[in-house]
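Okay, here's what each chain looks like letter by letter:
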Amino acid sequence: MRTACVSIVLASAIAVAGCGPEGPNKADTGLVVGAVAGGLLGNTVGKGGGRVAATAIGAVVGGIVGSEIGRSLDRQDRMLAQQAEYAALERGSSGHVERWRNPDNGRYGEVIPSKPYRRGNVDCRDYTHKIYIDGRPQAMSGTACRNPDGTWSNVS
């Protein structure tokens, strides 16, 4: 039953991404693919009642990492990056670096959140995520806002 609900939510995200006037661009596609992959990863990692929360966290944070950088990462890299992003957005101090490292392949990264602010009734944070692949940094910046259920969504 939960798998069906997760599938419906993720399929809806894909459908919404294609609703722009000129269809999805590369960034939109990367966001959706990352969200789907993160949601599926979260669903497989979560246990019992925590499975739904893990799926939501994976989908939200997976969308943030789901840009072109995500294609260079393996499953473990993405999971570590997602956990660091969520920790930075949820509990990180402004300007404080939240680091992650995959000991199996040497890839690592850091997420730096900015000061929280409000957009209307919603709490948001800008962030930068820098990922080092073979010692070369790749960075992306964006904005994530908190959903009513406490999860985070990428908004830019």
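Residues numbered from 1 in each chain as written. Predicted model: local features only at pLDDT ≥ 70, side-chain atom pairs only at ≥ 80, totals over all residues. Heavy atoms only, no water.

Caption draft 1: Here's a closer look at the environment of Gly70. Mapped onto the elements of the fold, Gly70 is located in the loop between helix H3 (50-65) and helix H4 (75-91). Judged by relative accessible area, Gly70 falls into the buried class, the value being 11%. (Helix = DSSP H or I, 4+ residues; strand = E, 2+ residues; numbered from the N terminus. Buried < 20%, exposed > 50% of the residue type's maximum accessible area, 1.4 Å probe, protein only.)

Caption draft 2: The arrangement of the pattern of salt bridges in detail. Enumeration according to the criterion identifies 3 salt bridges in this entry. Between Arg146 and Glu90 there is a salt bridge; the shortest N-O distance is 3.0 Å. Taken together, the residues Arg146 in strand E5 (residues 136-146) and Glu90 in helix H4 connect sequence positions 56 residues apart. Judged by relative accessible area, Glu90 falls into the partly exposed class, the value being 28%. Salt-bridge contacts for Asp123 lead to Arg118; the nearest nitrogen and oxygen are separated by 2.6 Å. A relative accessible area of 31% means that Asp123 is categorised as partly exposed. (Salt bridge = Lys/Arg side-chain N within 4 Å of Asp/Glu carboxyl O.)

Caption draft 3: Seen up close, the environment of Ala81. For Ala81, the position within the fold is in helix H4. What makes Ala81 buried here is its relative accessible area of 0%. The sequence separation of Ala81 and Trp100 amounts to 19 residues, and the corresponding C-alpha distance is 6.5 Å.

Caption draft 4: Geometry of the nonpolar core. Ranked by size, the top nonpolar core spans 16 residues in total, and within it Trp100 and Ile131 carry the most contacts. Put simply, the parts of the chain that give this core at least two residues each are H4, strand E4 (122-133) and E5. What Trp100 contacts, discounting residues up to four positions off in sequence, is Asp77, Leu80, Ala81, Ala84, Arg107, Tyr108, Gly109, Glu110, His129 and Ile131. (Core = buried A, V, L, I, M, F, W, Y, C linked by side-chain atoms within 4.5 Å. Contact = heavy atoms within 4.5 Å.)

Caption draft 5: Quick peek at the pairing of strand E2 (residues 108-113). Examined bridge by bridge, strand E1 (residues 98-101) and E2 share 4 bridges and lie antiparallel to one another. Bridge pairing links Arg99 to Glu110 in E2. Relative to E4, E2 runs antiparallel, the two sharing 6 bridges. Paired with Val111 across the bridge in E4 is His129. (Pairing = 2+ DSSP bridges.)

Caption draft 6: Layout of the side chain of Arg125. Looking at the element boundaries, Arg125 is found in strand E4. Buried Arg125, no salt bridge; nearest opposite-charge side chain is Glu90, N-O distance 7.9 Å. One polar contact links the side chain of Arg125 to the main-chain carbonyl oxygen of Ala88, over a distance of 3.1 Å. One polar contact links the side chain of Arg125 to the main-chain carbonyl oxygen of Leu89, over a distance of 3.2 Å. (Lys, Arg positive; Asp, Glu negative; His and termini not counted. Polar contact = N/O pair within 3.5 Å; in protein donor to acceptor, adjacent residues only side chain to side chain.)

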